[in-house]
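Residue strings, one per chain:
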Amino acid sequence: MEIRRFLKNKVSFFGFLLVTLIIITAILSPLISPYDPLEQHMVKRFSKPSAEFFGGTDRYGRDIFSRTLWGTRISLVVGFSATAIGAILGTVLGLIAGYTKGHLSKGIMWLTDVFMSFPTMVLAIIVVVAFGPGNQNVVLAIGLAFTPRFIRLARASTLSVSEQVFIEASRATGQSSVGIIGKHVLPNIAGDIIVMSTLWIATAIRLEASLSFLGLGTQPPTPSWGNMIREGMLYFMRAPWLSLVPGAGIFFTVIGFNMLGDGMRDVLDPKLRGRLT
Amino acid sequence: MKYRLSFSFSIVVITLVLIPGLVFSASSQLAEEQVWRWGHHTSDLDTLDPAFAVPDMTYSAGNGVLNGLVRLKPGTLDFDKLEGDLAESWEVSKDGLVYTFHLRKGVQWHKGYGEFTAEDVKYTFDRLKNPELGSPYAAKYLIIDQVEVLDKYTVQIILKAPSSFFIMDQVLAYQAGMIVCKKQGEEIGLKKMGVDIIGTGPFMVEDYKAKEKITFVKKPNYFRGAPILDRLEMYFMPNVASRTMAFIKGDLDAIYGERESYWVDDVKKTKTVIVDAVPLGSGAELNFNMTKKPLDNIKVRKALAMTADRKVFREFFGDIWAEMTAPVPPSYYATLPKDQTPEELLYQGDVQTAKKLLAEAGYKDGFKMMAYTTDKPYYKAILEICQNLWKPLGVELEIRVVDHTTFHANIRKDMNHVVVYYAGRAPVADSFLTQFYYSKSAIGQKTQVTNFSHYGTVDADGDGKIDSVDDLIEAARGELNQQKQKEMYYKAQLEILRDIPAKPLHELTKVIARHNWFDPGVEIKGLMIFGYPLEKARILKH
Amino acid sequence: MVTFILRRLLLTIPTILVVVTVVFFSVRGLGGDPAMAILGDRATPEALEVLRERLGLNQPLWKQYTSFLWDLAHGNLGRDLRTDQPVAELFKRAVPYTIDLAIWATVIGILIGVPAGILAALKWNTPLDFFGRFVGILGFSFPTFYLSILLLFIFSLTLGWFPMIGGGELSDLVDRAYHLFLPALSLGLIKSAFVMRLTRSSMLNVLHEDYVTTARSKGLRERVVIYKHALRNSLIPVVTMISLYLAVTIGGSIEVEIVFNRPGLGKFLIGAIQERNYPIIQSGLVVLSVLIVIVNLITDLSYALIDPRIKYD
């Protein structure tokens with residue numbers, strides 16, 4: 001039922017299509033890339049986009065198009081896993097903070113406030129500098145930086161759901177807290193979390209780029225859209241394609257996830273259901 | 001004691017790059033506003049204290065403020081024609097131990113700090129040597145036994161041992177050789193001075209804004225005559241893209257350039273831009289950490305060295321590149337000439353030979369290595385290119401890009417298998433050999449400097465004996481006969497090449513750029529600092 | 001009202017204390033060595049040792065921690081390890097630029113995001129909705145530094161409309177605004193995407209609430225329904241989110257400050273992390289958290305303006 005409704009919605013359908021395409025690209029990148037993304041063609045450095053090199057080449061003569069395709073993997077992995085860390089940690093803590101009353105709840109929210117006052121970027125930088133560079137640490141850094149924001153959201157949603165009559169009723173019938181959370185609260189707040197996640201996946205991809213800008217992102221020679229753009233900036237006036245092609249990668253991914261998120265939101269939101277069916 | 005430096009490299013570069021700079025005539029009119037704006041590549045300037053002038057920003061910015069005793073003619077690297085700066089003349093005793101300097105009279109310190117005298121010279125060198133100060137240059141000045149003030153305008157420096165390079169390396173108006181004001185030093189106490197330093201130079205520090213800019217105003221009673229520029233504004237702009245844009249737009253008169261042939265080509269597309277790609281360059285070497293397996297094996301090092309192909313780097317760096325085949329950069333004194341280097345010590349080989357060597361060493365299928373690097377493009381590029389060149393050998397090089405502080409800390413904790421290091425030092429063989437191949441400079445020693453390969457402390461060629469050129473380095477430094485000295489240096493370099501603790505790759509020029517309306521007042525043939533001579537510089541109408 | 005503000009401010013003291021503690025210990029776990037950052041790459045181990053001693057870096061951690069707290073309690077933010085300048089002096093100049101940037105980025109974000117969000121919600125699932133959302137996403141699709149460089153390239157280099165260096169003189173408001181426009185636009189465009197989405201979704205929620213339906217059924221004109229009932233209520237989460245995203249905005253200001261060569265707190269922080277300049281990192285984050293606490297307080301107070309049902313006592 002819901003899937004059909006979801007696919008009927010033009011926005012979500014297009015978003016779904018785009019995201020699927022991106023995921024397929026990520027999976028198939030070894031097969032569809034015309035070149036090895038790491039192979040250096042020194043004599044063909046800074047080639048303009050052409051039939052030989054669709055996206056031109058970079059300063060080592062590496063094929064930008066192939067690198068961008070491969071970069072899809074890194075960016076998606078970073079985007080998904082960082083957001084997953086933030087969403088899972090944040091939802092669990094947020095549920096606890098929202099559903100229970102007392103010191104635990106207060107303590108969680110207090111710590112959340114503490115971490116909310118660190119700029120995301122600064123928090124991420126501190127984690128990367130402390131643990132060293134590398135993709136795992138970038139994921140960890142971004143995930144941790146996201147967590148307080150998910151706690152906030154999960155708590156707020158939980159609070160509003162908890163006040164509803166059917167939860168009160170379940171409580172009265174003597175169901176366990178875990179049962180109520182699992183059966184009633186979680187499904188009701190899942191929409192909010194998923195919608196927010198899609199937006200933060202895009203943010204995570206951008207943050208990875210920003211960390212790369214500061215020299216702390218994905219390590220060479222592995223291509224990520226972030227470090228490709230960063231390198232491209234050096235030659236912005238000579239070879240704009242160096243940053244434009246991976247920039248396009250980010251652009252379509254962000255649009256895709258946004259549309260998907262919006263579509264899911266519309267479908268999952270109980271209040272809109274009436275209008276959709 | 002004078003030396004001819006081989007600057008064939010510089011001459012080529014000058015001819016290529018400088019000719020357009022000479023086009024404009026002296027009759028060009030001065031602009032009304034004589035303010036010079038410079039974009040620098042660092043995000044800040046922490047000090048102008050010459051005792052701590054290690055980062056290029058520090059000694060480059062301080063150049064208009066301070067003077068030394070002796071200097072190169074502005075815009076040249078002509079060590080044959082050193083001229084007096086704060087000293088009018090100097091002489092050396094026969095045994096090479098006593099240097100007497102006759103100082104200029106009537107030179108005034110900035111901002112009412114009185115007249116410059118011999119006391120200031122004594123203070124400067126005593127301060128440098130003092131371990132309490134913690135100057136990174138202290139070790140270099142320990143060669144001074146004592147400094148004696150003979151009278152107000154005469155000072156004598158007595159060395160513990162003769163050194164052919166004392167004037168060039170320790171006295172020259174460059175880095176720690178700048179003379180500071182005793183009165184100011186005593187006011188502050190024995191610690192690092194800030195940016196508000198008192199000097200004798202043509203410009204005085206006016207204002208400093210952290211992470212933004214530092215400004216200078218002219219000193220009208222500068223001893224060589226008042227400068228034409230009224231003010232200098234130096235902006236801290238670490239981002240290359242926006243620094244370059246601000247320069248091309250004309251908001252900046254000159255900038256610190258990027259060491260990339262393509263960057264040079266790009267900015268030259270703007271008609272008014274002149275790029276000065278000149279010596280003194282920085283020599284790049286690929287240091288193999290011989291305390292780490294399998295780099296302790298000379299066959300492995302040979303295989304890696306011969307596949308790290310210099311031709312690829314020439315392709316990459318273009319006009320700013322010069323081949324470096326000896327452990328001492330080509331534009332330095334007493335570098336081993338290429339034509340006196342046996343073919344096999346040039347380490348130019350193919351993958352097949354290298355593979356055979358690896359197989360003999362027991363690494364038929366290759367091995368893994370790791371290297372930290374900073375984000376500077378010309379550092380990272382070497383490793384990324386080597387990573388690619390070594391792949392056919394089965395050698396996997398993991399690169400970890402970290403911030404500058406971490407990089408310098410990590411390579412000094414022996415974390416890298418290979419260390420890429422660029423260095424610009426006093427242009428004599430002694431400086432490079434001492435810092436990179438002398439046993440006491442090895443990482444892990446109490447006196448460690450930048451000997452990342454640990455040469456001189458380990459058995460490099462596998463014959464059971466420690467290989468070292470310490471004796472040669474020490475003997476050559478004290479040798480006053482130039483011919484004999486050169487021979488010793490050649491011998492040391494051949495020895496090092498045979499043991500191949502590091503592969504010399506190339507020397508890159510300095511790269512700075514300006515608009516043609518900024519006239520430095522002298523021809524730019526070579527620079528010790530990343531910046532222009534300013535005492536005669538002017539802004540033309542544009 | 002006054003007691004509410006006072007109580008809130010008092011409550012922030014332990015929060016800031018935790019921030020300080022976390023920061024103090026985590027920056028010391030960063031590895032690297034401030035002495036090395038100061039003396040540079042040619043320092044000998046002996047020289048480093050002398051400097052560490054003088055900077056007090058050899059003292060036991062708890063001693064450094066308590067003396068830092070003691071100083072902080074007395075309003076002393078410490079001294080820059082590299083230049084020995086008082087950190088308070090540095091921040092006095094940098095913080096106004098960061099506040100400028102954060103405020104105007106937010107204003108631009110609201111000016112673009114709220115109307116776009118409302119429009120998208122009202123014209124839900126129509127081409128106008130898609131168009132509004134597309135425009136909203138545009139600014140959001142570029143990494144901050146990339147968008148900044150694009151803007152700099154188009155408006156400063158090619159068109160020559162805006163300056164490229166610095167943040168203008170603090171005392172000269174016109175100059176300051178002139179230097180502020182492009183940086184604020186880069187951050188504002190990104191922020192507008194957040195605001196647009198939020199406004200749209202919040203508006204959609206509210207449009208289907210009972211009281212809106214009731215208002216409609218009472219025969220109130222659509223415009224009245226939207227402005228009097230729907231908009232007010234839908235703005236509450238938007239206001240909350242805007243204050244929550246402040247930390248994100250300030251994070252983004254690091255890149256903007258670097259690209260536009262502006263002074264500011266973000267630049268100090270990233271520089272200090274790279275140099276392991278402990279006093280600046282510590283005090284910088286304290287200043288930031290105080291700023292953010294103040295903004296959150298203002299946000300809470302502003303609910304009263306939007307929603308008369310909320311009262312403070």
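Everything numeric in this text was worked out from a predicted model, so none of it was measured.

About the criteria used
- Residues numbered from 1 in each chain as written.
- Chains lettered and ligands numbered in written order.
- Predicted model: local features only at pLDDT ≥ 70, side-chain atom pairs only at ≥ 80, totals over all residues.
- Heavy atoms only, no water.
- Helix = DSSP H or I, 4+ residues; strand = E, 2+ residues; numbered from the N terminus.
- Contact = heavy atoms within 4.5 Å.
- Areas by Shrake-Rupley, 256 points an atom, 1.4 Å probe, with all protein chains shown as cover.
- Lys, Arg positive; Asp, Glu negative; His and termini not counted.
- Charge placed at Lys NZ, Arg CZ, Asp CG, Glu CD.
- Pairing = 2+ DSSP bridges.
- Domains from an automatic or database assignment.
- Buried area = accessible area lost by both parts, 1.4 Å probe.
- Salt bridge = Lys/Arg side-chain N within 4 Å of Asp/Glu carboxyl O.
- Polar contact = N/O pair within 3.5 Å; in protein donor to acceptor, adjacent residues only side chain to side chain.
- Nonpolar A, V, L, I, M, F, W, Y, C, P; charged D, E, K, R; others polar.
- Buried < 20%, exposed > 50% of the residue type's maximum accessible area, 1.4 Å probe, protein only.
- Phe/Tyr/Trp six-rings, centres within 6.5 Å; stacked < 30°, edge-to-face > 60°.
- Lys NZ or Arg CZ within 6 Å of the ring centre and 35° of its normal.
- Core = buried A, V, L, I, M, F, W, Y, C linked by side-chain atoms within 4.5 Å.
- Axes fitted to C-alpha atoms, helices over the stretch in contact; angles between N-to-C directions.
- Left-handed = near helix turned anticlockwise from the far one by under 90°.
- pLDDT = per-residue confidence, 0-100.

### Thoughts on the overall build of chain A
Then, in step 1: Across its full length, chain A holds eleven helices and zero strands.
Then, in step 2: Of the regular secondary structure in chain A, the N- to C-terminal order runs α-α-α-α-α-α-α-α-α-α-α.
Then, in step 3: By principal-axis analysis of the C-alpha atoms, chain A measures approximately 75 × 45 × 30 Å.
Then, in step 4: Look at the contacts in chain A between residues 6 or more apart in sequence, and 69% of them connect residues 24 or more apart.
Then, in step 5: Looking at chain A as shown, the accessible area adds up to about 10,700 Å², and 70% of this sits on carbon and sulfur atoms.
Then, in step 6: Distance between charge centres in chain A, computed from 25 positive and 15 negative side chains, equals 4 Å.

### Looking at the pairing of strand β9 (residues 213-218) of chain B
All names here are of chain B.
Then, in step 1: Taken together, the six bridges between strand β8 (residues 203-209) and β9 define a ladder with antiparallel strand orientation. In the sheet register, Val205 faces β9, and the bridge partner there is Phe216.
Then, in step 2: Taking the residues between adjacent antiparallel strands as the criterion, β8 and β9 are bridged by three residues, where Lys211 takes a positive phi near 65°.
Then, in step 3: As paired strands, β9 and strand β10 (residues 231-236) are joined by five bridges and run antiparallel to one another. Across the sheet, Lys213 pairs through a bridge with Tyr235, a residue of β10.

### Considerations on the domain arrangement of chain B
Residues and elements named next belong to chain B.
Then, in step 1: Split by domain assignment, chain B resolves into domain 1 (31-253 + 517-539) and domain 2 (281-509).
Then, in step 2: The C-alpha centroid of domain 2 is placed 32 Å from the C-alpha centroid of domain 1.
Then, in step 3: Listed by partner, the interface residues are eleven residues for domain 1 and 13 residues for domain 2.
Then, in step 4: Both faces combined, the contact of domain 1 with domain 2 buries some 940 Å², and carbon together with sulfur accounts for 67% of it.
Then, in step 5: The largest share of the area that domain 1 buries against domain 2 comes from Ser164, Phe165 and Asp169, three residues that together contribute 47% of it.
Then, in step 6: The tally of links from domain 1 across to domain 2 stands at zero salt bridges.
Then, in step 7: Taken together, the connections running from domain 1 to domain 2 amount to three residue pairs in polar contact (both at pLDDT 80 or more).
Then, in step 8: Within the side of domain 1 that touches domain 2, the residues separate by chemical class into six nonpolar, two polar and three charged.

### A short note on the pattern of salt bridges
Then, in step 1: Counted by the stated rule, this structure contains 45 salt bridges over all chains.
Then, in step 2: A salt bridge links Glu231 of chain A to Arg59 of chain A; its shortest N-O distance comes to 3.7 Å. Placement of the pair is Glu231 of chain A in helix α9 (residues 225-234) and Arg59 of chain A in the loop between α2 (10-32) and α3 (64-99), with a sequence separation of 172 residues. Here Glu231 of chain A matches Arg59 of chain A in class, with each residue buried.
Then, in step 3: Here Lys140 of chain B makes a salt bridge to Asp169 of chain B, at a shortest N to O gap of 3.2 Å. On the criterion of sequence distance, the pair formed by Lys140 of chain B in helix α4 (residues 138-141) and Asp169 of chain B in helix α5 (residues 166-171) is long-range, its members being 29 residues apart.
Then, in step 4: The buried category is assigned to Asp169 of chain B, whose relative accessible area is 13%.

### Observations concerning the environment of Leu93 of chain A
Residues and elements named next belong to chain A.
Then, in step 1: For Leu93, the position within the fold is in helix α3.
Then, in step 2: The exposure class of Leu93 is partly exposed, given its relative accessible area of 28%.
Then, in step 3: Counting along the chain gives 55 residues from Leu93 to Pro148, while the straight-line C-alpha distance between them is 9.1 Å.
Then, in step 4: In this structure Leu93 touches Ile108 and Ile151, once residues within four positions along its chain are discounted.

### Some remarks on the interface of chain C and chain B
Then, in step 1: Taken together, the 43 residues of chain C in the interface contact 48 residues of chain B.
Then, in step 2: For the pair chain C and chain B, the summed buried area comes to about 3,900 Å², and 60% of that belongs to carbon and sulfur atoms.
Then, in step 3: Between chain C and chain B we count five residue pairs in polar contact (both at pLDDT 80 or more) in total.
Then, in step 4: Of all the secondary-structure elements, those providing two or more residues to the side of chain C that touches chain B are α2 (34-39), α3 (45-55), α5 (87-122), α7 (144-158), α11 (246-259) and α12 (265-275) of chain C.
Then, in step 5: Along the lines of polarity and charge, the residues of the side of chain C that touches chain B split into 21 nonpolar, ten polar and twelve charged.

### Here's the deal with unusual backbone geometry
Residues and elements named next belong to chain B.
Then, in step 1: Of note, the bond from Pro279 into Leu280 is cis; its omega dihedral lies within 30 degrees of zero at 10°.
Then, in step 2: One can find Leu280 in strand β12 (residues 273-288).
Then, in step 3: Here the bond from Lys293 into Pro294 is cis, since omega is -5°, no more than 30 degrees from zero.
Then, in step 4: Position of Pro294 among the secondary structure elements: in the loop between β12 and α9 (298-307).
Then, in step 5: Even without being glycine, Gln175 reaches a positive phi, approximately 50°.

### Topic: the packing of aromatic side chains
Then, in step 1: On inspection of all chains with the given rule, the structure shows 39 aromatic pairs over all chains.
Then, in step 2: Ring geometry for Tyr378 of chain B and Tyr379 of chain B: centres 5.6 Å apart, planes at 45°, overall tilted.
Then, in step 3: Classification of Tyr378 of chain B by relative accessible area gives buried; the value is 8%.
Then, in step 4: Seen from the ring of Phe46 of chain A, Arg238 of chain A lies directly overhead, with NZ or CZ sitting 5.6 Å from the centre.
Then, in step 5: The ring of Tyr113 of chain B is capped by Lys183 of chain B, whose NZ or CZ atom sits 5.0 Å from the centre of that ring.

### What to know about the interface of chain A and chain C
Interfaces are often described in size by the accessible area the parts lose on coming together.
Then, in step 1: Tallying the contact residues gives 51 residues for chain A and 55 residues for chain C.
Then, in step 2: Regarding the contact of chain A and chain C, the summed buried area is about 5,000 Å², with carbon and sulfur atoms giving 73% of it.
Then, in step 3: Here chain A and chain C share zero salt bridges between them.
Then, in step 4: Linking chain A with chain C are four residue pairs in polar contact (both at pLDDT 80 or more).
Then, in step 5: For the side of chain A that touches chain C, the secondary structure elements donating two or more residues are α4 (103-116), α5 (120-131), α6 (135-162), α8 (177-213), α9, α10 (241-268) and α11 (270-276) of chain A.
Then, in step 6: Here the element with the most residues in the side of chain A that touches chain C is α10 of chain A; it accounts for eleven residues.

### Some details on the nonpolar core
Then, in step 1: By size, the foremost hydrophobic cluster in this structure holds 295 residues, and its most contacted members are Ile125 of chain A, Trp36, Ile214, Leu304, Phe317 and Trp390 of chain B together with Phe91 of chain C.
Then, in step 2: Sorting elements by how many residues they give to this core places α8 of chain A first, with 16 residues.
Then, in step 3: Residue-level mapping places this core at the junction of two domains, with at least three residues from each of domain 1 (31-253 + 517-539) and domain 2 (281-509) of chain B.
Then, in step 4: Not counting the four nearest positions on each side in its chain, Trp390 of chain B is found in contact with Leu286, Phe288, Leu304, Thr307, Ala308, Met369, Val395, Leu397 and Val418 of chain B.

### Some thoughts on the packing of α7 of chain C against α11 of chain C
All names here are of chain C.
Then, in step 1: Two elements in contact, α7 and α11, have axes separated by 9 Å at closest approach and are oriented at 30°. The two elements α7 and α11 meet at a crossing, and its hand is right-handed. On α11, the residues that touch Thr144, Phe145, Ser148, Ile149 and Leu152 of α7 are Gly252, Glu255, Val256 and Val259.
Then, in step 2: The class makeup of the residues in the contact of α7 with α11 is five nonpolar, three polar and one charged.

### Details of the confidence of the model for chain B
Residue and element names in this part refer to chain B.
Then, in step 1: Overall, the prediction assigns chain B a mean pLDDT of 90, with 95% of residues at 70 or greater.
Then, in step 2: Counting contacts from residues 1-27, a segment whose pLDDT is below 50, to residues more than four positions away or on other chains yields 55 contacts.
Then, in step 3: Predicted as a complex, the structure gets a pTM of 0.84 and an ipTM equal to 0.82.

### Considering the sheet that holds strand β7 (residues 154-159) of chain B
Residue and element names in this part refer to chain B.
Then, in step 1: Pairing within the open sheet is antiparallel, and its four strands lie in the order β4-β5-β7-β6. A single partner strand is all that each edge strand has here, and the edge strands are β4 (87-92) and β6 (144-151). Geometrically, the sheet is characterised by an average inter-axis angle of 20° between neighbouring strands, direction not taken into account.
Then, in step 2: One ladder, built from six bridges, connects β6 with β7; its direction is antiparallel. By the bridge assignment for β7, Val147 is matched with Ile157.
Then, in step 3: Seen against the sheet, helix α3 (residues 118-129) touches β5 (98-103), β6 and β7 and runs at an angle of roughly 165° to β6.

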